[in-house]
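What the coordinates show
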Amino acid sequence: SLEEVTPPPRRRSERLADAPPGLSFSFSASGWLLAYQFGAAECLQNHGITRNPYARMAGSSGGALSLWTMMYGCDMKALKDFMKASAMTVYTDF
């Protein structure tokens, strides 16, 4: 018999929302690591980075996309899941 495994609930805090000025993040061009960057962005989002008016962000290519969607407030998990499902669809066509 198969056992279904569920991930633990996501932790949330305001830890980064109240961080002092000078906090900055940079995401590089990512290629196939875009899903990883979406996960990192989700973690930052869960800890309040989008509510910090002093946080600075920089990114290029996929890194810029990750940061933009994170700061815009997108559901990063849904975006990551959609990207993985789309990739599965594309690769099953070959």
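Let me begin by describing the structure that accompanies this report.

1. Details of the overall build of the chain
Each helix and strand counted, the chain has three helices and two strands in total. The order of helices and strands in the chain, counted from the N terminus, is β-α-β-α-α. The principal-axis extent of the C-alpha atoms belonging to the chain is close to 50 × 35 × 15 Å. Residues classed as buried in the chain amount to 29% of the 94 residues present. Put simply, of all contacts in the chain between residues at least 6 apart along the chain, 79% involve residues at least 24 apart. Only carbon and sulfur atoms are counted for the fraction: they give 60% of the accessible area of the chain, which is about 6900 Å². A distance of 8 Å separates the average location of the 9 positive side-chain charges in the chain from that of its 8 negative side-chain charges.

2. Some thoughts on the packing of helix α1 (residues 34-46) against helix α3 (residues 76-92)
When two helices pack together, you describe them by how their axes are tilted relative to each other and by the distance separating the axes. Taken N-terminus to C-terminus, the directions of α1 and α3 make an angle of 170 degrees; their axes are 9 Å apart at the nearest point. As judged from the angle between their axes, α1 and α3 are roughly antiparallel. Relative to α3, α1 is oriented so that their crossing is left-handed. For the pair formed by α1 and α3, the contact residues are L34, A35, F38, G39, A41, E42 and Q45 on the first element and M76, K77, L79, K80 and M83 on the second. Class assignment for the residues of the contact of α1 with α3 results in seven nonpolar, two polar and three charged.

3. Remarks on the pattern of salt bridges
Side chains that differ in charge, positive against negative, can pair when their charged atoms come close. Taken as a whole, this structure holds four salt bridges when the rule is applied. Among the ionic pairs, E42 bridges to R10, the shortest N-O distance being 3.2 Å. Placement of E42 in helix α1 and of R10 in the segment before β1 (24-27) is noted, with a sequence separation of 32 residues between them. With a closest N to O distance of 3.0 Å, D81 and K77 form a salt bridge. Remark: K77 and D81 occur in helix α3; sequence separation between them is four residues, near one turn of the helix. Each of R10, E42 and K80 takes part in salt bridges that share partners, so that together they form one network.

Calculation notes
Numbers given to residues run from 1 along each chain, matching the order in which its sequence is written. The predicted origin of the model limits local features to residues at a pLDDT of at least 70 and limits the giving and counting of side-chain atom pairs to 80 or more, whereas totals for whole chains, interfaces and linings rest on all residues. Excluded from the side-chain calculation are hydrogens and water; included are all heavy atoms of the structure. Secondary structure elements follow DSSP: runs of H or I no shorter than four residues count as helices, runs of E no shorter than two count as strands, and numbering proceeds from the N terminus. Partly exposed residues are those whose accessible area sits between 20% and 50% of the maximum for their type, while under 20% is buried and over 50% is exposed, using a 1.4 Å probe and protein chains only. The criterion used for residue contact is that any of the two residues' heavy atoms lie within 4.5 Å. Under the convention used here, a 1.4 Å probe and the Shrake-Rupley method define accessible areas, while residue burial counts only the protein chains that appear. Charge convention: Lys and Arg are scored as positive, Asp and Glu as negative, and His as well as the terminal groups of each chain are ignored. By convention, the charge on Lys lies at NZ, on Arg at CZ, on Asp at CG and on Glu at CD. To obtain each axis, a line is fitted to C-alpha atoms, and for helices this fit is confined to the stretch in contact; angles are then taken between N-to-C directions over 0 to 180 degrees. Roughly parallel means an angle under 35 degrees; roughly antiparallel means over 145; roughly perpendicular covers 65 to 115; every other angle is labelled oblique. By definition, turning the near helix anticlockwise from the far helix through less than a right angle yields a left-handed crossing, and turning it clockwise yields a right-handed one. Note on residue categories: nonpolar means Ala, Val, Leu, Ile, Met, Phe, Trp, Tyr, Cys or Pro, charged means Asp, Glu, Lys or Arg, and polar means any other residue, Gly included. Salt bridges are defined by distance alone: a side-chain nitrogen of Lys or Arg within 4 Å of a carboxyl oxygen of Asp or Glu.

Shape is all these values report; function is a separate question.
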